[in-house]
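Notes for the structure review
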Number of protein chains: 2
Amino acid sequence: MRAFSFCFQLIKWNSYRPSFLLKYLYFALLSGPSSFSLRSHTCGELRSHHVGHRVILCGWAQYLRQDLFVILRDFSGLTQVLIPQEESASHLKAVLSELTAESVIKVTGTVRRRPAGQENKMPTGEIEVITEDVEVFNVCCKLPFEIKDFVKKSESLRMQYRYLDLRSSQMQKNLRLRSQLVMKMREYLCNVQGFVDVETPTLFKRTPGGAKEFVVPSREPGLFFSLPQSPQQFKQLLMVAGIDRYFQVARCYRDEGSKPDRQPEFTQVDIEMSFVDQTGIMSLVEGMLQHSWPAEKGSIKVPFQTMTYEVAMRDYGVDKPDLRFNMKLIDITEIFTVEVEFLRSALSQPGGSIQAICVPSGAKLFTRKDLEELKQTANTQFGQVDLFPLSFIPRPLLGKLRLRCAELLESCGVSLRDPSAFHFLWVVDFPLFLPKEDEPEQLESAHHPFTAALLEDAHLLYTEPHKVRGQHYDLVLNGCEIGGGSIRIHKASEQLHVLKNILKEDPSLLSHLLEALDSGAPPHGGIALGLDRLTSIIVGADSIRDVIAFPKSFRGRDIMSRAPDTVSEEELKPYHISVRWPTEGGEEGK
Amino acid sequence: MRAFSFCFQLIKWNSYRPSFLLKYLYFALLSGPSSFSLRSHTCGELRSHHVGHRVILCGWAQYLRQDLFVILRDFSGLTQVLIPQEESASHLKAVLSELTAESVIKVTGTVRRRPAGQENKMPTGEIEVITEDVEVFNVCCKLPFEIKDFVKKSESLRMQYRYLDLRSSQMQKNLRLRSQLVMKMREYLCNVQGFVDVETPTLFKRTPGGAKEFVVPSREPGLFFSLPQSPQQFKQLLMVAGIDRYFQVARCYRDEGSKPDRQPEFTQVDIEMSFVDQTGIMSLVEGMLQHSWPAEKGSIKVPFQTMTYEVAMRDYGVDKPDLRFNMKLIDITEIFTVEVEFLRSALSQPGGSIQAICVPSGAKLFTRKDLEELKQTANTQFGQVDLFPLSFIPRPLLGKLRLRCAELLESCGVSLRDPSAFHFLWVVDFPLFLPKEDEPEQLESAHHPFTAALLEDAHLLYTEPHKVRGQHYDLVLNGCEIGGGSIRIHKASEQLHVLKNILKEDPSLLSHLLEALDSGAPPHGGIALGLDRLTSIIVGADSIRDVIAFPKSFRGRDIMSRAPDTVSEEELKPYHISVRWPTEGGEEGK
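Residues numbered from 1 in each chain as written. Chains lettered and ligands numbered in written order. Predicted model: local features only at pLDDT ≥ 70, side-chain atom pairs only at ≥ 80, totals over all residues. Heavy atoms only, no water.

**Details of the overall build of chain A**
Of regular secondary structure, chain A possesses 18 helices and 21 strands. The 590 residues of chain A split such that 54% are buried. Within the structure as shown, chain A displays about 26600 Å² of accessible surface, and the carbon and sulfur contribution to it stands at 55%. (Helix = DSSP H or I, 4+ residues; strand = E, 2+ residues; numbered from the N terminus. Buried < 20%, exposed > 50% of the residue type's maximum accessible area, 1.4 Å probe, protein only. Areas by Shrake-Rupley, 256 points an atom, 1.4 Å probe, with all protein chains shown as cover.)

**Some points on the sheet that holds strand S1 (residues 54–65) of chain B**
Either a parallel or an antiparallel arrangement is found when strands of a sheet pair, and the pairing is made through backbone hydrogen bonds. Residues and elements named next belong to chain B. Taken in spatial order, the five strands of this closed barrel run S1-S2-S3-S5-S4, and their pairing is mixed. For this sheet the average axis-to-axis angle between neighbouring strands, irrespective of direction, equals 55 degrees. Note that S1 and strand S2 (residues 69–74) share five bridges and pair antiparallel. If you follow Ala61 over to S2, its bridge partner there is Leu72. Lying over the sheet, helix H3 (residues 90–97) contacts S1, S2, strand S4 (104–113) and strand S5 (127–138), oriented at roughly 70 degrees with respect to S5. (Pairing = 2+ DSSP bridges. Axes fitted to C-alpha atoms, helices over the stretch in contact; angles between N-to-C directions. Contact = heavy atoms within 4.5 Å.)

**A closer look at the pattern of salt bridges**
Close approach of charged atoms lets side chains of opposite charge pair. Here the structure, examined in full by the defined rule, presents 74 salt bridges over all chains. When the shortest N-O distance is used, the salt bridge between Glu199 of chain B and Arg178 of chain A registers 2.7 Å. Placement of the pair is Glu199 of chain B in the loop between strand S6 (196–197) and strand S7 (215–217) and Arg178 of chain A in helix H6 (residues 169–192), with the two residues belonging to separate chains. Like Arg178 of chain A, Glu199 of chain B is buried. Here Asp197 of chain A ties to Arg186 of chain A by a salt bridge, and the two come within 3.1 Å at their closest N and O atoms. (Salt bridge = Lys/Arg side-chain N within 4 Å of Asp/Glu carboxyl O.)

**A short note on H6 of chain A**
Residue and element names in this part refer to chain A. Compared with an ideal rise of 1.5 Å per residue, which puts 24 residues at 34 Å, H6 spans 33 Å between its outermost C-alpha atoms and is within 8% of the ideal. Within H6, 17 of the 24 residues are buried, which leaves it mostly tucked inside the rest of the structure. Positive phi appears at Gly194, one or two residues downstream of H6, with a value of about 75 degrees. (Expected span 1.5 Å × (residues − 1).)

**Let's talk about the relation of the copies chain B and chain A**
Applying a rotation about an axis and a shift along it to one chain copy brings it onto the other copy. Overlaying chain B with chain A gives an RMSD of 0.1 Å, the required rotation being 180 degrees about an axis along which the chain moves by 0.0 Å. These values place the two chain copies in the arrangement generated by a two-fold rotation axis. Both copies contact each other with a shared surface, as 100% of the interface residues of chain B are interface residues in chain A too. (Least-squares fit on C-alpha atoms with pLDDT ≥ 70 in both.)

**Overview of the interface of chain B and chain A**
Every contact between the two is made by 149 residues of chain B and, on the other side, 150 residues of chain A. Across the chain B to chain A interface the summed buried area is about 12900 Å²; carbon plus sulfur atoms make up 56%. Summed over the shared surface of chain B and chain A, the number is 18 salt bridges. Asp255 of chain A is the salt-bridge partner of Arg219 of chain B, the closest N and O atoms lying 2.8 Å from each other. Scanning the region where chain B abuts chain A turns up 89 residue pairs in polar contact (both at pLDDT 80 or more). The element that contributes the greatest number of residues to the side of chain B that touches chain A is helix H6 (residues 169–192) of chain B, accounting for 13 residues. For the side of chain B that touches chain A, the class distribution of residues is 74 nonpolar, 38 polar and 37 charged. With two bridges connecting them, strand S8 (residues 223–226) of chain A and strand S20 (residues 565–566) of chain B associate as antiparallel partners. Following the sheet pairing, Leu223 of chain A is matched in S20 of chain B by Thr566 of chain B. (Buried area = accessible area lost by both parts, 1.4 Å probe. Polar contact = N/O pair within 3.5 Å; in protein donor to acceptor, adjacent residues only side chain to side chain. Nonpolar A, V, L, I, M, F, W, Y, C, P; charged D, E, K, R; others polar.)

**Describing the sheet that holds strand S10 (residues 265–274) of chain B**
Residues and elements named next belong to chain B. The mixed open sheet is built from eight strands, whose spatial order is S6-S9-S10-S19-S18-S17-S14-S11. Each edge of the open sheet is held by one strand with a lone partner, namely S6 and strand S11 (305–308). With two bridges connecting them, S6 and strand S9 (residues 245–253) associate as parallel partners. Residue pairing across strands places Asp197 opposite Phe247, the latter belonging to S9. Its contacts with the sheet put H6 on S6, S9 and S10, and the angle it makes with S9 is roughly 150 degrees.

**Notes on the packing of aromatic side chains**
Under the defined criterion, the tally for this structure stands at 28 aromatic pairs over all chains. With a centroid separation of 6.4 Å and 35 degrees between ring planes, the pair formed by Phe304 of chain A and Trp426 of chain A is classed as tilted. Here Trp426 of chain A lies in strand S14 (residues 424–428) and Phe304 of chain A lies in the loop between helix H8 (278–292) and strand S11 (305–308), a separation of 122 residues in the sequence. The two residues Phe304 of chain A and Trp426 of chain A agree in class, both being buried. On the basis of an interplanar angle of 80 degrees and a centroid distance of 6.3 Å, the ring pair of Tyr161 of chain B and Tyr163 of chain B is categorised as edge-to-face. Owing to a relative accessible area of 13%, Tyr161 of chain B belongs among the buried residues under this scheme. Among the residues examined, Tyr163 of chain B registers a relative accessible area of 2% and is labelled buried. For Arg402 of chain A, the ring lying beneath its charged end belongs to Phe325 of chain A, and the centroid distance is 4.0 Å. (Phe/Tyr/Trp six-rings, centres within 6.5 Å; stacked < 30°, edge-to-face > 60°. Lys NZ or Arg CZ within 6 Å of the ring centre and 35° of its normal.)

**Thoughts on the packing of helix H9 (residues 309–316) of chain B against helix H14 (residues 394–411) of chain B**
All names here are of chain B. Interhelical geometry of H9 versus H14 gives an angle of 60 degrees and a closest axis separation of 8 Å. The pairing of H9 with H14 is recorded here as oblique in orientation. On the side of H9, the interface is formed by Met313, Arg314 and Tyr316, while H14 contributes Arg395, Pro396, Gly399 and Arg402. (Parallel < 35°, antiparallel > 145°, perpendicular 65-115°, else oblique.)

Take it as geometry only, folks, not as evidence of what the structure does.
Written out as C-alpha cells, the structure reads:
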C-alpha cells in the first residue's frame, strides 16, 4: 500500500498531461470503493481470480472462532480470515484470539482457495485470506445487542444505538439504495432534462395560517423565522425569475406533534417547470421514476394509469386507491329498491344508495371473530354518518372496510397485494376547494391556494367556486400518496380573487408573490414527491424510519442524543424569549 | 405541438419494448431543455440550419420596437421575432404592438435567414423568426428597474425584487454554474468513488457552548431543538455505523447576528471516510475539484501546494495566504542589531524581531496619502502589541498590511492578483489547541474537539497539550479559506481525555459519541467545503449573495418576504414561550 501511495504521487505529479498508460493507471488506482484508503480491497469483492494476491482488508470482526478464523465484515460483505497456526506467528494468534466481536482491525494477508469441500455460497465463499499482519484499530466493548440481522431489537433500543442498528445489512442496503435512487433522479433532471438544482431558504417567513410551522426566534425582539413546510413560494418565484426548470431535494418541516410514521423534518423531490401543462409534468415524473428505478426491483411501465378523483371515490372510497387488488365498491341499489322497507326509506333520501364489496372467498375464510370485527367497525363508523347526512362520508368508510378485508384475507393466507408489485396511479380532477370542517359554509383549498382551475371550469371561479376542479394531480403507489402537484395560477388578478374573495384570506401576507405574478410570470407547474415514503415502499420497509439514517421517534424525539433538550434562560436571552412553564392547574404562568 | 404530443403518447405506449427507431425518436423527443414543454426550441438555440423550420418559442419580451420586431428572451438567450406587416396579419401586429417589456408570450413562426447585412454576432444573429401566431401568457406591469444587465441597481432593491434580479444573465449563469458544479461533485463522489449520500437531521440537540446555534422551541415545555452548525457528530456516527464513505450537500446554520458576507444558513459539501489518512482525504478533494471544475474556467493542477501553519504565519502573517502574489514578510533583524538603540532594546525582549515587506514599485506608485494610511494602520494596530507582548500578534498585522498594499498597488493599475487564476493551497500542522482569548491559561480547540493529534505529537497530549499539532487541514483558494477537515479521534479514551482534562468540558453532553467510539469505531476523517464561498470565487462574484438564489441581507433578513416577522402570542402558546420585550431602561421585562 505504501508502494501504491508512492505510485499515486508519482503519477499525479504527471497527471496534467499523462500518457495513455499513466492515465489508465491513474484512474484505476484513484477510483472505486477502495480508492484513497488504507485497504486494498473491500471484504465483499475477493473471488477465486484473486488467489495468490496479497491484500489489505479493513473491517469489523463479525464472528470469531478464536483459534481458527475471523469473519471480517465491511459494508460490502464478509471474508473469512484465517488465523495462522504456526509457532512463528504466535503473536498474530494472540492478538486475534483476544479480539471481541465488532472490534475493528486491518488484516494484511494472501488470498488462497478454500480447501475442497469448505467452499460455501457466500459471494466470497471460494476463498479465504491467510493473515500475515494485523493491526487493531478499535476494541469493541460490550454491546447492547448483537449486530446479526436475525436478532430482533426493540424500536427504542434501535434508536438509542442507531450507529449499531445501521450496521445491519438491511439498513446498509436501504441507505445505499436511497442514495442511488436520488443520484439517478438528479442525473435525469439535471443532465437529461436541463433542470437547475437551486437551494431555497429554510429560514423563512411564517405563512398565513401555518399552524404546522416550527418557529425560530431571531435576535430581534418579537421577530421569528419559520421553517417552511415546502419551498412552494420560492419555486414559483424561480419560475417568475426565468430559471425555467427547477428542482431541489429539499428538506421540509412540519410540526404535527406526535404522529406515527411522520417525521418533523422530511425530504421531498421538489420540481417546477415553466411553459408546461399537466401532461408535461406527469410525463416528466414517469420518465424520472423509470430512469431512476432500482434495477433489482424490476422495471416499471409508463405511462401510469390515470383515474379521476370522482371515479376513485366511487369505486374505491378513497383518493389513493391500492389497485393491486380489486374488490371495488359496487352500487347494488337497484336490487334492493322493492325488497326491504327500511332500505327503501334510506334510498328515498337525496343521494341515498346501497353499496357493497364482494370479498372473494370471504365467506369461506373469515372467522366469526373477523366478521364480528368488520360488523363492529361498520357499525361504529356508520353511526357517524347520521351526523353528516349530506357529505361524502359513506364511501370513505367502505374504502376503509375494503382495506381491512384485504388485511384479513392476507392473514388467512390469501396473497392479495403482491409486495414486489409496484402499481402507480395518477389521480386527477380533484375539487379545487372543499368546505371547511368547522365552518362548512366557508371554502378552503383542497391542496393549496396556488393551484389553477381546470380550463373548462375556470369561469366557475367567479360564480360557483365549489364546483371548480383544479389542475392538480396526485401520484399514488400501492395505495400510498407519494406525490402531488399542480399547474399554478400565473395571473395576479386570478390569484388575488382566490385569496381574497374565495378563501377570505389577507392577501397582503402574500404581496411579494402577487407582485411577482404582475411582473411577467410564465405559465408554470410542478410536483413534490415524498422521498422518504417512496423509498420505504421500494425497499418494502414498514416505516419511513427504515430509510432515514437518524429518524425521530414516534414522539418526535431523537432518542440517541436526547433532543429536544433544555436550554438555560441565559442562552434564551439573545432571542428575547422565555419559557412559559405550565402551572399545576394546567394553565400556563407568565 | 399537438401532433408531437400525440406522437409521444403513441411511442410511450410502446416504450416497454420499443424498436430501435421508436427508441431513438422517444429519446430525441423526451430529453433536452424543451422536453415536455409548450415550446419546440429555446430562444438561444436557433441557427442557420433551422431556416425553414416551423418553431414555437416561449419567453419574455426583452425589447420591443413595436411596429417591427420583438427580442424574445429565455434563460438560454435571445431571438429576434419579426412582426408581420401584411394587412392580413393586422391582429398579430395589434397584439404585439400593445406588449409591455417583460411580458411573457408564446410565438409560433418560421425561421428565416436575416437579410444580408442585418446579421449580428449574437449566437442567433444569423436568423429571425416570422410570427404566424402569438399567445400572451402574462402582461407585465411597470417594473421597479429594467432587467438589462448594465442597469445598476441598489443592493436592497435587488433583494426586494429578487425574482427580477435573477433574470439578469449574470445571475442566470451563476445559479446554473453552481448547479452543474454540485452535480459533478456528486457524480465524482457517488458514481466514481462509491460514496453514499446520507441526509442527517437539522433538528438536533444543542451542542455544549453552541452560542451560534439557532434554537427551535418544541411542543414540550422548556425543551428546544437546535439547528446545527454542521453534521459533524452525525458524520462520525455514520462511520461508526459502517457506512464507510459518506457525503452530503448539507444545509448548516450559524446565528452570528449581522455579519457582512455571512449567511445565517449556508451550504457545505460534507465528506467523511473510514480507513483513511490525511493524504487520502486531500487527494480525494483534489480529484473532486478537478473533476467538477467548470470547463470554461480552465483546468486546475493537482496535487495542490501544501504549507505548514508555521510557514504560512512566518511568511505571510496569515493561515490562509493568497499565493497569487509574493511580497512575503522578511526577517531583517540582523541588519538592525547594532544600528539603532530603541530597536536593539525591542529585540532584546523574548521573541523580538524586525519584519519587513518589500512592495515592488511601492515607492514609485504610492501617494503620500497611501503611505499615510499604511502608517496609520500600522500605528493603530501595533499599538495593541504592547498589550500581548508574548503572543503571535505582529505577524497577522503584517499579513493585513500585505493585503492592503496589494489593494493599493492594484488601485494604481498594477495587476497583482490575476482574477482568472485559481491558486489552491493546503495549510497543515495547525496547533490542536489555542489559549482561550478571555482566559489564556485555559486551552480551547483550534477547530473542534474531535480532531486527532499528529501521530508524532500524540504523546504530548498527556504532558504538554499546548505543543500538540493536529491532523487538521485547511483548503485555501486565492487567500480565502474554502474548506477544512481533519482525521478524527476514534478512541473513546483519547476523546474523553481531550474533553475532560484538556478542554474542561462536561463529557456527559457527548455521551452518545463516547459510547459510539467504544463500540467498534474505525479510524476516520473528513472535510467540509463551503459551497457558497467556493462558487462565488469561481464565478468571480464579490459576494456569496451572487451565488445564492434568495440570500439574506447584511442584517440577516429576507427583504423580499419581510422575514423574520411577528408571531402572535396565541401562535407561540403551543411552544410554551413568550416574548421578553425590552423595557425602556434597556433591561428586558419578564
